[in-house]
Amino acid sequence: MLLLGGTADARRLAGDLARRPGFDVLLSLAGRTAHPAPQPVPVRVGGFGGAEGLARFLEDADFDVVVDVTHPYAAIMSRNAAEACARARRPLLAVRRAPWEAQAGDRWRDVDDVAHAIAALGQAQRRVFLALGRNEVRAFEAAPQHIYVVRSVDPVLPPLRVPHATYLVARGPFEARDEERLLAAHGVDIIVAKNSGGPSTYGKMAAARALGIEVLLLRRPLTPDVEAVEGAQAALAWLEARRHEALRGV
Ligand code: NAP
């Protein structure tokens, strides 16, 4: 089985599969972080060369099934997986994470992308917490008037060309109470984030609600229309059913 990962959900599912007999799993990572978290199954790192490259990879190594547990914003990879599996005639299961829903007291605004987030910050100086990927934060150099707190898994190098930025290198999960302390300590008045869903990065959203801080949420990209489940339990059930079918020669 090829597991397309890069998320905590993928790592957990890989661990569940490693403890079950009859599954031989290769986990694929994009290679975005310099020191990825240890994984419970064999890992390969780096792109496949688009949908065509992935289709060839599936055929050459004779994979039976592909499971897409990539991040909800890794839309290109999900699209490539759908196209490659169709080409190589391999079954594909997507494991999706539901987006967070606003609650009373939340001050969220959806924005289409990073450029719209920058425009929404406005001209007046804001204290902005950027909870985005290292590659996405560079665009904020276009708005150097703000004071930024940038958190990323790996250092942002070179630093942004803005006069006021603090860098925090950290990997989730993040607890709401710690996030509240952090946001208050930096006097943050607006957050730019992705609607990743799941508990591990929700802490900042709960903290923002408690402190009355505004949040600009990048809209989720569209994902391909493929068979999908939510959560590891449903994925395991689907994979077990497939394995039994294969053993029975259905
Ligand atoms: P992407 O835009 O969907 O993918 C770009 C290319 O990266 C893909 O075409 C593929 O290259 C390669 N790739 C992505 N995931 C891969 C995987 N699991 N195994 C092998 N190759 C992979 O994804 P992205 O550029 O990584 O990220 C897009 C957004 O998702 C960003 O907002 C990022 O912060 C967020 N995100 C991504 C990850 C992650 O692990 N990828 C984790 C957390 C958040 P080829 O076309 O050459 O195959």
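Now for a description of the structure that goes with this document.

### Notes on the site of the ligand
Taken together, 21 residues form the shell around the ligand, and within it Ser28, Arg32, Phe48, Glu136 and Lys194 come nearest. Asn80 has a polar side-chain atom sitting 3.4 Å from an oxygen atom of the ligand. A distance of 2.4 Å separates an oxygen atom of the ligand from a polar atom in the side chain of Glu136. Here the ligand loses 78% of its free accessible area of 820 Å² to cover by the protein chains. Only strand S2 (26–29) and helix H3 (75–88) provide two or more residues apiece to the shell around the ligand.

### Quick look at the packing of helix H6 (residues 176–185) against helix H7 (residues 203–211)
At a closest axis distance of 8 Å, the pairing of H6 and H7 adopts a crossing angle of 60°. Taken together, H6 and H7 sit at an angle that is classed as oblique. With respect to the hand of their crossing, H6 and H7 are arranged in right-handed fashion. Residues Ala176, Glu179, Glu180, Leu183 and Ala184 of H6 pack against Gly203, Lys204, Ala206, Ala207, Ala208, Ala210 and Leu211 of H7. Residues belonging to the contact of H6 with H7 are distributed by class as follows: 8 nonpolar, 1 polar and 3 charged.

### What about H3?
With 14 residues, H3 should reach 20 Å at 1.5 Å per residue; the first-to-last C-alpha distance of 20 Å fits that figure. Buried within H3 we find Ala75, Ser78, Asn80, Ala81, Ala82, Ala84, Cys85 and Ala88. Lining the buried residues of H3 we find strand S1 (2–4), helix H2 (50–60), strand S4 (66–68) and strand S5 (92–96). Taken from the residues just after H3, Arg89 is the one with a positive phi, measuring 55°.

### Examining the side chain of Ser78
Inspection of the secondary structure assignment puts Ser78 in helix H3. Ignoring sequence-local partners within four residues, the contact set of Ser78 consists of Asp68, Thr70, Arg96 and Pro224.

### Observations concerning the pattern of salt bridges
Evaluated as defined, the whole model comprises 21 salt bridges. A salt bridge links Glu240 to Arg243, with the shortest nitrogen-to-oxygen separation between them at 3.5 Å. Pair noted here: Glu240 and Arg243 are both in helix H8 (residues 232–248), with a separation of 3 residues, about one helical turn. Under the relative-accessibility criterion, Glu240 is labelled buried at 17%. One salt-bridge network, held together by shared partners, links Arg107, Arg109, Arg126, Asp189 and Glu214.

### Some points on the sheet that holds S1
Strand order in this open sheet of 6 strands is S3-S2-S1-S4-S5-S12, and the pairing throughout is parallel. What marks the edges here is a single partner per strand, and that holds for strand S3 (43–45) and strand S12 (228–230). Taken pair by pair, the neighbouring strands of this sheet meet at an average axis angle of 25°, ignoring direction. Relative to S3, S2 runs parallel, the two sharing 3 bridges. Counterpart to Leu27 in the pairing with S3 is Val43. On top of the sheet, H3 reaches S1, S4 and S5; it is set at about 160° to S5, its chief contact.

Cut-off values and rules
Residues numbered from 1 in each chain as written. Predicted model: local features only at pLDDT ≥ 70, side-chain atom pairs only at ≥ 80, totals over all residues. Heavy atoms only, no water. Near = heavy atom within 4 Å. Polar contact = N/O pair within 3.5 Å; in protein donor to acceptor, adjacent residues only side chain to side chain. Areas by Shrake-Rupley, 256 points an atom, 1.4 Å probe, with all protein chains shown as cover. Helix = DSSP H or I, 4+ residues; strand = E, 2+ residues; numbered from the N terminus. Axes fitted to C-alpha atoms, helices over the stretch in contact; angles between N-to-C directions. Parallel < 35°, antiparallel > 145°, perpendicular 65-115°, else oblique. Left-handed = near helix turned anticlockwise from the far one by under 90°. Contact = heavy atoms within 4.5 Å. Nonpolar A, V, L, I, M, F, W, Y, C, P; charged D, E, K, R; others polar. Expected span 1.5 Å × (residues − 1). Buried < 20%, exposed > 50% of the residue type's maximum accessible area, 1.4 Å probe, protein only. Salt bridge = Lys/Arg side-chain N within 4 Å of Asp/Glu carboxyl O. Pairing = 2+ DSSP bridges.

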